[in-house]
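So you can see what is in the structure, the chains are spelled out below.
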Amino acid sequence: VGPLAPGLASTKPTHARLMSLAFLAAAARRGPGGGASKGSWPTGTLLTHDTPVLPSYCSKDGPPHIRCGSTFSDQLANVLSGGAASASSMAVHVEWGDADVAGPFTLMVRCRGIELARAEVAAMHQALVLEIEQSDASPPLQPGECFVFELSWPSGSRHLHVLAPLAPSCLAHGSLVSVALTGAELANTKLNAEQLMAPRFPMRFSSVVRGFGIEIETLTALGPGRLGVDATGAVNPGAGAALDALVERCVESSPPHSLAIARRCQSWVVGEDNAIVPALERAAQLAAEAAYPAGSDHAKRARQLLLNRGTHKTEFKSPAPPTELSFGDGAADEIRCMLRLVSRVGVAAPSIHQTHAIAAGKMEPEGSACDSGCAIHVHINVRNVDARGKVLSAREIVHVVLAWVRFDLVTSRFARAWYWREPSCAPLFASGVEFWPQQRPASSHIDGWAMSEQCGVGGSVMVDQANEGGIGHWQVPEFVASVHSMLRSEAFHALGDEDQVRALFGEGSPAASLGRYCSLNLKSVMKYGTLEVRRFHTTLDGDVLAHWAHLLVCFVEVFGTGGAGGAGAPTPTDGGGGYSEAGLLEMPLPEALAALRAAQESATPA
């Protein structure tokens, strides 16, 4: 797993604190005060959220640009191929282009919200460079953490988030593949639901009842399937029939109290997702050898699975409301049981599909980041009345979203390294987008990342025809500005609850500023009544997945219903001088945007 939770990979219970409500409740960070009175929108803007955004926050606005000489994708490709660790130093410079703006100009770098260095020039077209060492941060920058570079001048700014240099130890390849049991192995294997759902080491979960759902993308061995879920009733050639047969064996040998969990595993939908793609040859080899002895028959079969040879692109979906997952009703047991059953039918989670964007049939010369083969998406209920958990108001959902943005750089580190720059779950930088999407043919997978670390202006992220929008996605400042204006409008406050949610998250709403392909998908609010977290690699470790889902459900519960300075805080602070999302919305917009950027940079797991 990610470097924030090494205990998960080593089967030590050191991660319990990170995944608890205590972690979330203690996560508030101090922020500036301030206040603002409610205003009103200009006539005719009730549902168009056309509030102007302060200029020049985002690097897509044109030159000058911030450039870094080392891209994450180059580092990833080097580490994947067995190369040495990347250099611990990096140099960032300003490329002026054809910009015509007045100085002076300041280039600075921060880590964890603390300024480390700065350089200044009086006018454009003068050399402006900063060199930084990983050890310049105290304590030294950890894998997955970012240096934040900011170029500022009297009328604007640019930002660039540069990940810490990648080391070979950052790439973990365990729990990504499991070959199907042979007939003889299956005959000699005792399947007991109670054993399948048992944690590998002591675990602590709260009994939070809020409902949620999980989508697990995998490659599974071809075999007899169960009837598909589409209107044709076609047989899905995935693992459905084999999974059902294993469940029946569990039922025969399981004690009565665990039978319900085993039966629920048959309620999971076994469908197809054509966006799943195979791993690179080297990535497949490393994952296979992490699971089985090198050169063994099992390792060879595992490699075939990861390379999508003799496989089916299978997505497992947990039951929908009103029988959705809930930690108040054995969700952790069910997740573990399901993944351990799936592991016995032959399944793979391809990791790195490519390390550079592909455009016009060739490699981008300056590189992109990483396109992973599959993912896990978690939907947490916020509006579905058929699912468990308090239905959140429009403002409460906004509090959750702002809290997620605050911790966006933290949550990314729970995933494995190849997911730190995955284009289907782009980071939500509080300072603004550093890249933007463009369209490709409908059959294309989201298969690239902008040159955000090579060039702050961006490049081209390739997305499929369902792009859901174009330039302007992942624009956190625009989202905050629109929401900030809406919540001050008398017209908004005159709306009913459902119409307020639609105004903020429906078609043409502020949520459109973020789009679908980012770490937190807001489009699912109106579609399913959920917040969809798209940021996690597929894992076959049920303990890891259960804890990731638990963190997300608790996150929504705490920040949506009043904990950790969430809903209900009447001032810009939480009453004790700490930062709160409710308080942020009461600040004047420039202060609110600055406070959110500072809070995101200084956020930690503690």
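Note that the coordinates shown come from a computational prediction; the quantities given were computed from them, not determined experimentally.

**Points about the overall build of the chain**
Scanning the chain for helices and strands turns up 19 helices and 21 strands. Every one of the 606 residues in the chain was classed for burial, and the buried ones make up 59%. Here the analysis covers contacts within the chain between residues at least 6 apart in sequence; of these, 76% occur between residues at least 24 apart. About 21,800 Å² of surface is accessible on the chain, with carbon and sulfur atoms providing 55% of the total.

**Some words on the environment of Ala417**
For Ala417, the location among the structural elements is in the loop between α12 (408–411) and β18 (437–439). Judged by its relative accessible area of 1%, Ala417 falls in the buried class. Residues Ala417 and Ser351 lie 66 residues apart in sequence; the distance between their C-alpha atoms is 9.8 Å. Non-local contacts of Ala417, meaning those with residues more than four positions away in its chain, are made with Phe72, Leu166, Cys170 and Leu171.

**Concerning unusual backbone geometry**
Here Ser138 and Pro139 are connected by a cis peptide whose omega angle stands at -5°. Examined against the element boundaries, Pro139 turns out to sit in the loop between β5 (129–133) and β6 (146–153). Residue Pro322 follows Pro321 across a cis peptide bond; omega there is 10°. Summarising the element assignment, Pro322 is placed in the loop between β11 (311–317) and α10 (331–342). In this structure, His125 takes a positive phi of about 65° despite not being glycine. Secondary-structure assignment places His125 in the loop between β4 (114–121) and β5.

**Quick notes on the pairing of β5**
Here β5 shows a buried face lined by Leu130 and Ile132 and an unburied face lined by Val129, Glu131 and Glu133. Sheet topology places strand β2 (residues 89–95) next to β5; 5 bridges connect them, and they run antiparallel. Opposite Val92, over in β5, you have Leu130 as the bridge partner.

**Describing the nonpolar core**
Among the nonpolar cores identified, the biggest contains 138 residues, and Phe212, Ile214 and Phe505 are the most heavily contacted of them. Counting residues per element, this core draws most heavily on helix α17 (residues 542–560), at 13 residues. In this structure, Phe105, Met124, Leu151 and Val162 belong to the second largest nonpolar core, which totals 26 residues.

**As for helix α19 (residues 589–602)**
Over its 14 residues, α19 extends 20 Å from the first C-alpha to the last, a length consistent with the 20 Å expected when each residue adds 1.5 Å. Inspection of α19 places Leu589, Ala592, Leu593, Ala595, Leu596, Arg597, Ala599, Gln600 and Glu601 among the buried residues, and these make up the whole buried set.

**Thoughts on the confidence of the model for the chain**
Across the chain, pLDDT averages 79, with 77% of residues at or above 70. Within the model, pLDDT remains below 50 along residues 436–472, and this stretch shows 125 contacts once partners closer than five positions in the same chain are excluded.

**Some remarks on the sheet that holds β2**
Read from one edge of the open sheet, 3 strands run β1-β2-β5, paired in antiparallel fashion. Only two strands of the sheet have a single partner each, and these edge strands are β1 (65–68) and β5. Between one strand and the next, the sheet's axes are offset by a mean angle of 20°, whatever the strand orientation.

What counts, and at which threshold
- Residues numbered from 1 in each chain as written.
- Predicted model: local features only at pLDDT ≥ 70, side-chain atom pairs only at ≥ 80, totals over all residues.
- Heavy atoms only, no water.
- Helix = DSSP H or I, 4+ residues; strand = E, 2+ residues; numbered from the N terminus.
- Buried < 20%, exposed > 50% of the residue type's maximum accessible area, 1.4 Å probe, protein only.
- Contact = heavy atoms within 4.5 Å.
- Areas by Shrake-Rupley, 256 points an atom, 1.4 Å probe, with all protein chains shown as cover.
- Pairing = 2+ DSSP bridges.
- Core = buried A, V, L, I, M, F, W, Y, C linked by side-chain atoms within 4.5 Å.
- Expected span 1.5 Å × (residues − 1).
- pLDDT = per-residue confidence, 0-100.
- Axes fitted to C-alpha atoms, helices over the stretch in contact; angles between N-to-C directions.

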